[in-house]
Amino acid sequence: MSFNLDKVLRPHIAGLAPYSSARDEYTGKEGIFLDANENPLGSATPENWNRYPDPYQTDIKVKLAAIKGCRPSQIFLGNGSDEPIDLIIRATCTPKEDNIIILPPTYGMYEVSASINDVEIKKVPLTTDYQLDVDNILKAVTPYTKLIFICSPNNPTGNLIEKKSILRILESFSQGIVILDEAYNDFAEEPSFIAELDQYPNLLILQTFSKAWGLAALRLGMAFAGEEIVKILNKIKPPYNINGLTQKLLIENIDNLNFVKESVTILNDNRLKLVEALELPFVLKVYPSDANFILVKFTDSKAVFEYLIAHKTIVRDRSKVVLCDSSLRISVGTQEENKTLISLLEQFS
C-alpha cells in the first residue's frame with residue numbers, strides 16, 4: 001500500500017515543535033521535584049494529587065497492549081473517543097479546503113468535530129440494510145478527502161459492518177486515513193480490526209472504556225494506529241490530557257477482565273430476551289444488533305417516546321435521523337429495568 005502520512009497531514013503539522021512538559025524532560029519517578037511549579041505541600045485530601053500525571057500513560061498502555069494484542073506504541077489515550085476524533089481532523093484537514101466522508105446514520109460527533117474545525121463534510125448514506133455503499137463512498141472521494149469514518153457496530157443501528165466492505169475501503173483509500181469506530185466491539189462476535197494494524201498503515205481504530213468496561217464517568221477513549229499516526233496525536237494533544245485520578249482508577253480496573261466478560265455475557269443475553277419481548281402490535285421492526293442497544297421501529301415512535309418519558313423511562317429518539325424514521329434506540333438494561341420497560345410498553349395504547 002502506497003500510504004504516505006506526510007501527504008495526509010496539514011503541511012505545518014509534520015514540522016511542528018510540540019510543547020515539552022516537565023515530565024518529558026525527566027521521566028523518572030524518584031527524586032526531589034522542583035521542575036514543574038507544583039505545590040510541594042500536597043493536597044487538601046487524604047491522597048495527594050499535587051504532582052502532574054504521566055503525560056503518555058505508560059503503565060496503562062503496557063497493560064492495555066497485552067490485552068488488545070498490539071504494541072504500546074500503537075496506543076493513544078484520549079478524553080473519550082471525542083478527543084482523538086478532533087485531533088485527527090485537526091492534524092489532517094485544512095479548514096475550508098479538505099473534507100471528510102461520513103456514512104449516516106452514524107455517531108454524531110464526526111460531523112460536529114468537523115464542523116467545529118470548519119471542514120467540509122460529505123455524506124454517503126448506508127444502504128437500507130445499514131451496510132456500506134462502497135461504490136458511492138469511493139465515488140465521493142476527491143483529491144481533498146482526508147478521512148473516512150466508519151462505525152462498526154454502528155451507532156444508532158447496532159449492526160456490524162461487513163468486513164469485506166471495510167477491507168475494500170482500506171485497500172482503495174490510500175490517500176487518507178480510515179477511522180474505524182469500534183466503541184461497541186466488545187459486544188460483537190467479530191474480532192477487532194486491531195490485528196490488521198500492521199497491514200494497513202492508513203487505519204485508525206477507536207475503542208472506549210465507557211461501554212463494556214463500565215467506566216463511562218472516567219471519559220477515557222482508546223485509539224489504535226501505526227506508530228507514525230500515534231506520534232502525531234501525541235505531538236498535538238494537550239500535555240497532560242489524561243488526569244491522574246483517571247489513570248489511577250483505570251489501573252485499578254484494567255486487570256479485572258472477568259467483569260468485562262461477565263458484563264458482555266449478561267447484557268447480550270438481556271438483549272436477546274428484550275428483543276423477544278418486543279413482539280408487540282405497535283412494534284414494526286427490531287433491527288439486528290451486535291451492540292448493547294437495539295434500534296426499534298414503532299408505528300408512532302413520538303407517542304411511545306413521550307409515554308416512556310412520562311413514566312421516567314428514558315430512551316433515545318432517533319426518528320429524525322436518516323434511515324431511522326419512527327425509531328427509538330433502547331439501551332439494554334438490567335433484567336429488572338428491561339422488565340419494567342416491557343411492562344410499560346404492554347400497557348401502552
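Look up: the structure comes first, before these words.
Here's a quick rundown of the structure. Because the structure is a prediction, the values reported are computed rather than measured. (Residues numbered from 1 in each chain as written. Predicted model: local features only at pLDDT ≥ 70, side-chain atom pairs only at ≥ 80, totals over all residues. Heavy atoms only, no water.)

1. Focus on the nonpolar core
The biggest cluster of nonpolar side chains holds 53 residues, and the ones touching the most others in it are L132, I150 and F224. Discounting chain neighbours no more than four positions away, the residues touching L132 are L103, L126, T127, I137, I150, I161, S165, I166 and I169. I13, I85, F149 and I232 belong to the second-largest nonpolar core, a separate cluster that totals 31 residues. (Core = buried A, V, L, I, M, F, W, Y, C linked by side-chain atoms within 4.5 Å. Buried < 20%, exposed > 50% of the residue type's maximum accessible area, 1.4 Å probe, protein only. Contact = heavy atoms within 4.5 Å.)

2. A short note on the sheet that holds strand 6 (residues 203-208)
What the 7 strands build is an open sheet, ordered 1-7-6-5-4-2-3; its pairing is mixed. Either end of the sheet is taken by a strand with one partner, and the two such strands are strand 1 (75-79) and strand 3 (120-123). Pairwise comparison of adjacent strand axes, ignoring direction, gives a mean angle of 25° for this sheet. Examined bridge by bridge, strand 2 (residues 99-102) and strand 4 (residues 145-151) share 3 bridges and lie parallel to one another. Across the sheet, N99 pairs through a bridge with T145, a residue of strand 4. Packed on one face of the sheet, helix 4 (residues 82-92) meets strand 1, strand 4, strand 5 (177-181), strand 6 and strand 7 (220-225) and runs near 160° to strand 4. (Pairing = 2+ DSSP bridges. Helix = DSSP H or I, 4+ residues; strand = E, 2+ residues; numbered from the N terminus. Axes fitted to C-alpha atoms, helices over the stretch in contact; angles between N-to-C directions.)

3. Describing helix 4
With 8 of 11 residues buried, helix 4 lies mostly within the body of the structure. Within the span of helix 4, buried status applies to E83, P84, I85, L87, I88, I89, A91 and T92.

4. Re the packing of helix 11 (residues 301-310) against helix 12 (residues 335-346)
In contact at an axis separation of 11 Å, helix 11 and helix 12 are set at 120° when each is read in the N-to-C sense. Judged by the inter-axis angle, helix 11 sits oblique to helix 12. Once helix 11 is placed against helix 12, the crossing between them reads as right-handed. Note on element contacts: helix 12 touches helix 11 through L341, L344 and L345, opposite V304, Y307 and L308. Split by residue class, the contact of helix 11 with helix 12 holds 6 nonpolar, no polar and no charged. (Parallel < 35°, antiparallel > 145°, perpendicular 65-115°, else oblique. Left-handed = near helix turned anticlockwise from the far one by under 90°. Nonpolar A, V, L, I, M, F, W, Y, C, P; charged D, E, K, R; others polar.)

5. Quick word on the packing of helix 4 against helix 5 (residues 109-116)
At a closest axis distance of 9 Å, the pairing of helix 4 and helix 5 adopts a crossing angle of 45°. When the interaxial angle is binned, helix 4 and helix 5 end up oblique. Along this stretch, helix 4 crosses helix 5, giving a crossing that reads as right-handed. Of helix 5, the residues touching helix 4 (which contributes D82, I85, D86 and I89) are M109, Y110, S113 and A114. Taken together, the residues that form the contact of helix 4 with helix 5 break down as 5 nonpolar, 1 polar and 2 charged.

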